[in-house]
Every structure is written in C-alpha cells, then in structure tokens.
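Results of the structural survey
These are the residues of each chain, in order.
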Amino acid sequence: MSYAVIGGPSRSFPEGDRFLVGGAPKGSVLVVLSGAAVPTGTAHTAVLVELQHESLGEHTGETNGEEGSNILGFARWRNGDDPPSPLVELVVQKNTAPAAIAAACAVFEGAGLSVALCTDQPGRILDRLLRPKYNAALRFLDEGLATQADMDLTCRLGLGYPDGPIERLLRGGLHHHHEASAALFEAFGTPGFAPARRSVVAARRVAKGT
Amino acid sequence: MSATIQRVGVCGAGGTMGAGIAIVAARAGFEVVRYDVSTAALERSLRDTAGFFGKSVERGKMTPEDRDAVMRRFSDTTALDRLAGCDLVIEAVFEELSVKQALLKALHPILPPHAIIASNTSTLSITEIASGCGREDRVVGMHFCLPAQLMKLIEMSPGVNTAPEVFQAAWDWTLAAGQQPVRTQDKPGFILNALLVPFNNDAIRLVEAGVAEPADIDRAVKTGLGYKMGPLELIDLIGLDTQIRLCEAFYPVTLDPRAAAPPLLRRMVAAGRLGRKSGRGFFDYGKPGMYGA
C-alpha cells in the first residue's frame, strides 16, 4: 500500500524514521503529520491524521454520534522522550469506511508496526490505562509504601514487566506524564487521572527551566 | 540455611500456593511440616510436588539423590499440634480474615515462644490477621507470588506490632531460602496487587466504555509496553470471579473507585464467563481448562 506524507515534525515518526523514507508523493493513503492542515474531499483511500492529546473530531467535525469518513486518527505510543514504540493506536469513528481502516492497517503493518483500533476517546488505549497506575505508583512512593527500587523490582519480578512504573516514568520524563495526565483529568475529572505530586513538581521545574 | 530457623511449617499445603511455598523451603534445605485440613489435598499436592522435582531431574536441574533428599524433608499432617517443633510457620489458608485469625489463635499455644508466624495474604492487613493471636509481635507478612516454586519475589510486611528483630529474622529466612524479598508497608495489596487490581479493572472499563475490543487492548499493552500478557488475558487466567473477590477485599478498605468491581465484570460472572476455567471470559478458549493444560 503506497502512502504520501505531509507535515511534521512528528512524535510518531521522528526525523530519520524509516516510515518517512517509505512515502511516495502519489500514495493512495495520505499521512498527515502534526503541523499540517487536514485536507478534505481528497481521493485518497484513507487520510491518517496524527493526534497528540486531541480528539479526531477536532479535525473532522462531529455529527451527533454519526461521525466517520475516510479520515482516521493515529498516534504511535511513546513513553515521553523514549523512542516511539511499535504500537500505533488507530482512531476510528462509527462510520469510518472499512476500506480506509484496511488501508491504514496495511500502511502501518507494512512498515513493521502493530495496530490497535480504538474509538475517539481521550487518552485512547494506553494513556487512559496507564496514567492512573503511574499516578498511584508515584503516590505510593510519597506515602512510603516502599522504595522506588522495590516497587520497580516487584513489577519486574512479580509481573514479568520489562521495567517498573517509576523507572519508566523517570526515563521518559515525568513532565510528559504530567501533560498526559492533566489532559485526561481535564476530560474526565476523576481522581485517578489527577497528576501526582511528583509529576507536578517535574512539570513546574521544566517550565522554569530548572 | 537460616541460623535460627531450621524447621518450617506450611499451613494450607494442600493448596497450590502452600505446596509451592513448601517446595521453596525444602529445596533450600529446611525440614518442612506440611499441614492441611484435607488428607486428600495433601496427598494430591505431594504427588504434584514429586512430579515437579521429577521434572527438575529430567531437565538436569537436580540429581535424583538431591530429589530424594528434598522429598525426605517433607512430613505431612492434618493435626495442627504436629507443628509444635517449627521455628517458622507460613500460613497460606483461605483468604478470609476470620479463617486466618482463628488459625493464628490456634497456633499460638502450640508453637514455641520464639516461633514466627508468617502470613501469605495478598490483600488482608497483617496487623488485623495478627490481632488477638497472642503473639502479635511475632507475625509478619510474607507474600509469595504464584507459582511460588518458580517466582523469586516475596513482599515482606511488618504489622504495627511486629518486633523489628522478628521482621529481620523472617527477612533473613527468605534470603536463605533463595528468594528476593522487598519491603512494603502493611497496606491493602502491598505493592503488587495495589497496582495490579485497579489496573486490571481499568482495562475492563475500557471495554465497557467502548474504547477498544479486548484483543486491541491487550495488543496495545504487549506491543507498546513490552508486557508478556495483556490485562484481559491475565484476568481470564486469574478468573473473573477471583477478580471480583479481590475488588471486594480492596474497595471497602481503600474506597478507591478504581478498586471497585466494574459492572461489566459482574455481568460477565453472572453470565458464567469466568475466564479460562469456564472456557470463556474476555476471550474464547473453546473448552474449560487449566492454563497450560
């Protein structure tokens, strides 16, 4: 499946990413990276819009639950400043064209990525799932449940995770976690998404340049 | 070997967790008294234990002589007073506060004064389990992970009344047994379940909210995070009914909304979709069975 790429720079596909190299000007799928306007009414089988924390509906407009066209959203999940993971969250709407979904999957999977479909909701899959857990882990650290090393070791040894929650957050940058949590807290208002104190500190220090 | 602990009792040794803990202790050279109320359960778990060590011999991990020596360290009983000579008793009985409290109260007059009692609870308070047993200063939390004979991690928790030297002695024993202890406060779920139970509920809530299908959620977790298993596959393995029990142990104590059982979970259990053991949970397994069977 051929694809054209416009826009950037992109969190999903940083400069030099081999996905960018594989694009062709007249591809049947259009990949719209951050910073570019989303074209409408094109003849592409699918138009794939890179999302940050926003909804796809901000780009497409919304029509009382009957949204859907050949325009889909996507984001390659990243842990802050870590390199992008192989996961692409592909955002579909109720009436998204099946051919557009198939084309999007073909483009990303053809580039060696793994696709998980989700609806147009805040945080998509991983941020919505992870941020409350990471906030809890940071709160446990404040409350003295265990040391950071023991919490991370417990997750690695007890659950077989490749890394623990706090070491992962610190590696990727706590301020990124704050940003993702704050966006979810704004959307849902539930306590689990409220950015944990340590991430607030990190975000404020980044803002101050310290 | 631990300097002061030579003989270890395991209560609930007829169960999966108790049998695994007994293996850990015997493999490290400790004499082990395996106690259970059910003779049949003890016999079955001893056969499983022999099978486990038999495979270890087949795989070259131990010699037949070592296997025979380890098996000779076990003595089985349904009489609680046979634990009288134990320096450490680890309980892995039913996860119910009143059951554990009654056991500890019964153990206290039987055991020598220096003996330590460890609870393998995963959700209950060590302080509450010890309350009223008569030796509250000699009770510690010692939470093994399933399968205990393969997993190195032990969450160690002192109760409010646990004497520091007792906690240290229990800690030293876990090291002597070849395990990896981590220290946690006596809080619901310690580290592992405090993070995992709400996380698994959150995954169920994603399904409930129509964010994604179970297969997509699990794929995202495995691909994006590098986890070996997705949360919904894991819940199917744990059992959806067990997840409800975990929620019911956590939520009343923590009042954390994430720890409350999601309505979808209750509906699925009501529909008989318990996970792998019933053949169907968030995924369809075709027929009921044990994981890996």
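Just so you know, these numbers come straight off a predicted model, no measurement behind them. (Residues numbered from 1 in each chain as written. Chains lettered and ligands numbered in written order. Predicted model: local features only at pLDDT ≥ 70, side-chain atom pairs only at ≥ 80, totals over all residues.)

1. Focus on the overall build of chain A
In terms of regular secondary structure, chain A is built from 8 helices and 6 strands. In terms of overall size, chain A behaves like a compact globule, its C-alpha atoms giving a radius of gyration of 19 Å where 210 residues would be expected to give roughly 17 Å. Judged by the C-alpha coordinates and their principal axes, chain A covers about 60 × 35 × 35 Å. For chain A, with 210 residues in total, the buried portion stands at 44%. For chain A, the share of sequence-separated contacts (at least 6 apart) that also reach a separation of at least 24 residues comes to 60%. (Helix = DSSP H or I, 4+ residues; strand = E, 2+ residues; numbered from the N terminus. Rg over C-alpha atoms; globule rule 2.2 N^0.38 Å. Buried ≥ 20, exposed ≤ 12 C-beta atoms within 10 Å, placed from the backbone. Contact = placed C-beta atoms within 7 Å.)

2. Details of the nonpolar core
Counting 141 residues, the largest nonpolar core has Leu48 of chain A together with Val10 and Ala25 of chain B as the members making the most contacts within it. With 9 residues, helix α7 (residues 192-208) of chain B is the single largest residue contributor to this core. Residues in contact with Val10 of chain B, not counting those within four places in the same chain, are Gly18, Ile21, Ala22, Ala25, Val32, Arg34, Tyr35, Ile90 and Ala92 of chain B. (Core = buried A, V, L, I, M, F, W, Y, C linked by C-beta atoms within 7 Å.)

3. What about the interface of chain A and chain B?
Each partner contributes to the interface: chain A provides 36 residues, whereas chain B provides 36 residues. Counting residues per element, the ones that place at least two in the side of chain A that touches chain B are β5 (87-92), β6 (114-119), α4 (126-143) and α5 (148-159) of chain A. Class assignment for the residues of the side of chain A that touches chain B results in 22 nonpolar, 10 polar and 4 charged. (Nonpolar A, V, L, I, M, F, W, Y, C, P; charged D, E, K, R; others polar.)

4. Side note on the sheet that holds strand β4 (residues 88-91) of chain B
Residues and elements named next belong to chain B. Spatial strand order, β3-β2-β1-β4-β5-β6-β7-β8: 8 strands in an open sheet with mixed pairing. With partners counted over all chains shown, the strands left at the sheet margins are β3 (74-77) and β8 (180-183), one partner each. Strand-to-strand twist in this sheet, taken as the mean axis angle between neighbours without regard to direction, amounts to 25°. Taken together, the 4 bridges between strand β7 (residues 153-158) and β8 define a ladder with parallel strand orientation. Bridging across to β8, Met156 finds its partner in Arg183. (Pairing = 2+ DSSP bridges. Axes fitted to C-alpha atoms, helices over the stretch in contact; angles between N-to-C directions.)

5. A look at the domain arrangement of chain A
When its domains are assigned, chain A resolves into domain 1 (3-119) and domain 2 (127-203). Looking at side-chain class alone, the side of domain 1 of chain A that touches domain 2 of chain A contains no nonpolar, 3 polar and 2 charged residues. (Domains from an automatic or database assignment.)

6. As for helix α8 (residues 214-225) of chain B
Quick reminder: α-helices carry 3.6 residues per turn. Residues three or four places apart thus point the same way. The end-to-end C-alpha distance of α8 of chain B, which contains 12 residues, comes to 16 Å, matching closely the 16 Å that a straight helix rising 1.5 Å per residue would cover. When α8 of chain B is considered as a whole, its buried residues turn out to be Pro214, Asp216, Ile217, Asp218, Ala220, Val221, Thr223 and Gly224 of chain B. Next to the buried residues of α8 of chain B lie β5, β6 and α4 of chain A together with α7 and α9 (231-238) of chain B. At the exit of α8 of chain B stands Gly226 of chain B, carrying a positive phi of roughly 80°. (Expected span 1.5 Å × (residues − 1).)

7. A short note on the environment of Arg266 of chain B
Residue and element names in this part refer to chain B. Considering the arrangement of structural elements, one finds Arg266 in helix α11 (residues 263-270). Sequence spacing of Arg266 and Asp241 is 25 residues, and the spatial spacing of their C-alpha atoms is 8.1 Å. In this view, Arg266 contacts Ile244 and Ala261; residues no more than four positions away in its chain are not counted.

8. Here's the deal with the domain arrangement of chain B
All names here are of chain B. Taken domain by domain, chain B holds domain 1 (7-183) and domain 2 (192-278). When each unit is reduced to the centre of its C-alpha atoms, the spacing between domain 1 and domain 2 is 29 Å. The interface is formed by 4 residues belonging to domain 1 together with 5 residues belonging to domain 2. For the side of domain 1 that touches domain 2, a count of residues per class yields 1 nonpolar, 2 polar and 1 charged.

9. Brief notes about the environment of Thr77 of chain B
Residues and elements named next belong to chain B. With respect to the helices and strands, Thr77 occurs in strand β3. Judged by the 16 C-beta atoms lying within 10 Å of it, Thr77 falls in the partly exposed class. In sequence terms Thr77 and Ala13 are 64 residues apart; their C-alpha atoms lie 9.6 Å from each other. For Thr77, the residues in contact, after removing those within four places along its chain, are Val33, Tyr35 and Arg82.

10. Brief notes about the packing of α4 of chain A against α7 of chain B
Close contact between α4 of chain A and α7 of chain B brings their axes to 9 Å; oriented N to C, the two are set at 160°. On the basis of the axis angle, α4 of chain A is roughly antiparallel to α7 of chain B. Our pair here, α4 of chain A against α7 of chain B, has a crossing hand that is right-handed. Every residue of α7 of chain B that contacts α4 of chain A at Arg128, Leu129, Pro132, Lys133, Ala136, Ala137 and Phe140 of chain A is listed here: Ala194, Leu195, Pro198, Phe199, Asp202, Ala203 and Leu206 of chain B. Taken together, the residues of the contact of α4 of chain A with α7 of chain B break down into 11 nonpolar, no polar and 3 charged. (Parallel < 35°, antiparallel > 145°, perpendicular 65-115°, else oblique. Left-handed = near helix turned anticlockwise from the far one by under 90°.)

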